Amino acid sequence: MVERVGPELKVTFSYLDSGLELRGKKFTAFEIAGADGIFKPARVRLEGEALYLSSAAVPEPENCRYAWADNSVAELFSKTGMPVSPFRSDVLPLVGNKAKMMEVLIYKQ
């Protein structure tokens, strides 16, 4: 679930078996966007089992995504060591490689 809390997005998960942990020092797989739909790199912090995402470039965030680039490195893990799957909160149309990949997965079965 994603909800706006002031200038941040709070991201919570419906199922966590062991909690979350961020691995690394500089996090590049998190992005947020405002009403314009243009995603910008986001700062991330973990409080308990919630992620908080923000960016000075997006003062009123509406959507987020994690590990959405084709070459993303896993940075978010369960405490049992399993990487969290890429996710997004928006419903904007897919473009580029992601659109082609989903077309193959959905329509060519």
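Every residue gets a number counted from 1 within its own chain, in the order that chain's sequence is written. Per-residue local features of the predicted model are confined to residues with pLDDT of at least 70, and side-chain atom pairs are confined, for both listing and counting, to 80 or more; whole-chain, interface and lining totals are unaffected and use all residues. Side-chain metrics rest on all non-hydrogen atoms present in the structure, leaving aside hydrogens and water.

Draft legend 1. Examining the packing of aromatic side chains more closely. Pairing of aromatic side chains here covers Phe, Tyr and the six-membered ring of Trp, requires ring centres within 6.5 Å, and sorts the geometry by plane angle: under 30 degrees stacked, over 60 edge-to-face, intermediate tilted. Using the criterion set out here, one finds three aromatic pairs in the structure. Summarising the aromatic geometry, the rings of Phe13 and Phe87 are spaced 5.6 Å apart at their centres and angled 85° between planes, so their arrangement reads as edge-to-face. With Phe13 in the loop between strand E2 (8-11) and strand E3 (20-22) and Phe87 in strand E10 (residues 87-88), this pair connects stretches of sequence that are 74 residues apart. Exposed residues in this analysis have more than 50% of their type's maximum accessible area, buried residues have under 20%, and partly exposed residues fall in between, with area computed by a 1.4 Å probe over protein chains only. A relative accessible area of 25% places Phe13 in the partly exposed class. A residue is classified by how much of its surface remains accessible, and Phe87, at 16% relative accessible area, is buried. Geometrically, the ring pair formed by Phe30 and Tyr66 is tilted, given 4.8 Å between the ring centres and 35° between the ring planes. Placement of Phe30 in strand E4 (residues 30-33) and of Tyr66 in strand E8 (residues 63-66) is noted, with a sequence separation of 36 residues between them. What makes Tyr66 buried here is its relative accessible area of 1%. Chaining the aromatic ring pairs together yields one cluster made of Phe13, Phe30, Tyr66 and Phe87. A run of DSSP states H or I qualifies as a helix once it reaches four residues; a run of E qualifies as a strand once it reaches two. Both are numbered from the N-terminal end.

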